[in-house]
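Structural characterization, general
Chain residues, written in single-letter form:
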Amino acid sequence: IFQQAFWYTDRWFAGHGVPMGVTYSTRDASLHSQFVIHFSPLLMALAPIYRLRPQASTLLVLQALALGLAALPLAALTRRKLGPLGAAGVGVAWLLHPTVLGAPLNGFHDMAFAPVFLFLAFWALEGRRLGWFVAALLALVGVREDLAFAVLLMAPLAAWRGAPPAFALTPALLGLGWLGVSLGLVIPAHRTPELLAMPSVFFHQYLGSLGDTPGAVVKTLVTHPLVPLRRLLSREGVLYLLAVLRPLGLLLPLPSPAWLVALQPLTLNLLSDGGALRMPLARYSLPVVAAFFAALPGG
């Protein structure tokens, strides 16, 4: 998917083609933009690098660099509380985490670029570096639009830690604004008549047993709370959590609320129908693992 998207983007730079163009999920294999599935403008910044060596291996190297470099802001974040040796240990633990090692084996994915910016945002928040904080949040939502939920949850975290008001106001406005622009303008603008992979299709695929719309899912959660509770406490759900937390010695970093930033993907993974998202080596587990690592020094 992404190899084709970058190939068409390369043609678009030359004056023809479609930015992030792909042909899957249409009735007639017609061309449309990947932005109709997820708005990921950060990928456009990688397109000039891909153009220097237009091969799929270029994307895999960029993904590996992003996952590896994430250890640097993570170590800087933990250094204040754990010291140099502890920070180095946490950085190495990140590099050896099964999700970090295993997710790239499934190919290239935009979600692999989320951890480095998430760690950078936490580091900037701890050091009260507003410029770096804003830049990290912008890069994070640029990875894909659903990471705006993580940005939104940075607002109460900043307030809880007593940061200046700008550190709480910025993620709140940016998260809400990015969701509004992405879901209300960008994604609908890229839809084509032949497209089959609509947001409603994915919603039904992952949460269809709980409801066909967000409102229906909320109604199910309120009126039948035992249904999601059974899924959260199911054998598959518990094993998923144990696998994600195993490299941390099964230590839930509950004293630090940083892990709440991953509440949206964690809840989605645990409640989803089937096991596509509820897999420790799935790319969708990367933000969850990153949030737990960010919370580790406080735990």
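Everything that follows concerns the structure shown earlier in this document.
Structural notes, computed from the coordinates. Quick caveat: nothing in here was measured; it's all calculated off a predicted structure.

1. What about the overall build of the protein?
Looking only at helices and strands, the protein has 15 helices and two strands in total. Taken against the 2.2 N^0.38 rule, which gives 19 Å for 299 residues, the C-alpha radius of gyration of the protein at 19 Å falls within 12% of a compact globule. C-alpha extents for the protein along the principal axes are approximately 55 × 50 × 40 Å. Evaluated residue by residue, the protein yields a buried proportion of 47% over its 299 residues. Carbon and sulfur atoms form 71% of the exposed surface of the protein, whose accessible area is close to 13700 Å². Within the protein, the 10 negative side-chain charges are centred at a point lying 11 Å from the centre of the 19 positive side-chain charges.

2. Side note on the environment of threonine 99
Mapped onto the secondary structure, threonine 99 falls in helix H5 (residues 98-102). Taking the C-alpha atoms as reference, threonine 99 lies 7.6 Å from valine 289; in sequence the two are 190 residues apart. Those residues in contact with threonine 99 that sit more than four places away from it in its chain are Pro104, Pro280, Leu281, Ala282, Ser285, Leu286 and Val289.

3. Observations concerning the nonpolar core
Phe6, Trp94, Phe122 and Met154 are the most contacted members of the largest nonpolar core, which totals 78 residues. Among the elements that take part in this core, helix H6 (residues 114-126) stands out by supplying 11 residues, more than any other. Those residues in contact with tryptophan 94 that lie beyond four places of it in its chain are Leu67, Ala70, Ala71, Leu74, Val100, Pro115, Phe119, Val289, Ala290 and Phe293.

4. Description of the packing of aromatic side chains
Scanning the model with the defined rule gives 13 aromatic pairs in all. Judged by centre distance (5.0 Å) and plane angle (90 degrees), the rings of tryptophan 7 and tyrosine 8 are edge-to-face.

5. As for the pattern of salt bridges
Tallied over the full model, the rule gives six salt bridges. For aspartate 110, the salt bridge is made with arginine 144, and the minimal N-O distance between the two is 3.2 Å. In this pair, aspartate 110 sits in the loop between H5 and H6 while arginine 144 sits in the loop between helix H7 (130-143) and helix H8 (148-160), placing the two residues 34 residues apart along the sequence. In this structure aspartate 110 comes out as buried when scored by relative accessible area, which is 2%.

What counts, and where the lines are drawn
- Residues numbered from 1 in each chain as written.
- Predicted model: local features only at pLDDT ≥ 70, side-chain atom pairs only at ≥ 80, totals over all residues.
- Heavy atoms only, no water.
- Helix = DSSP H or I, 4+ residues; strand = E, 2+ residues; numbered from the N terminus.
- Rg over C-alpha atoms; globule rule 2.2 N^0.38 Å.
- Buried < 20%, exposed > 50% of the residue type's maximum accessible area, 1.4 Å probe, protein only.
- Areas by Shrake-Rupley, 256 points an atom, 1.4 Å probe, with all protein chains shown as cover.
- Lys, Arg positive; Asp, Glu negative; His and termini not counted.
- Charge placed at Lys NZ, Arg CZ, Asp CG, Glu CD.
- Contact = heavy atoms within 4.5 Å.
- Core = buried A, V, L, I, M, F, W, Y, C linked by side-chain atoms within 4.5 Å.
- Phe/Tyr/Trp six-rings, centres within 6.5 Å; stacked < 30°, edge-to-face > 60°.
- Salt bridge = Lys/Arg side-chain N within 4 Å of Asp/Glu carboxyl O.

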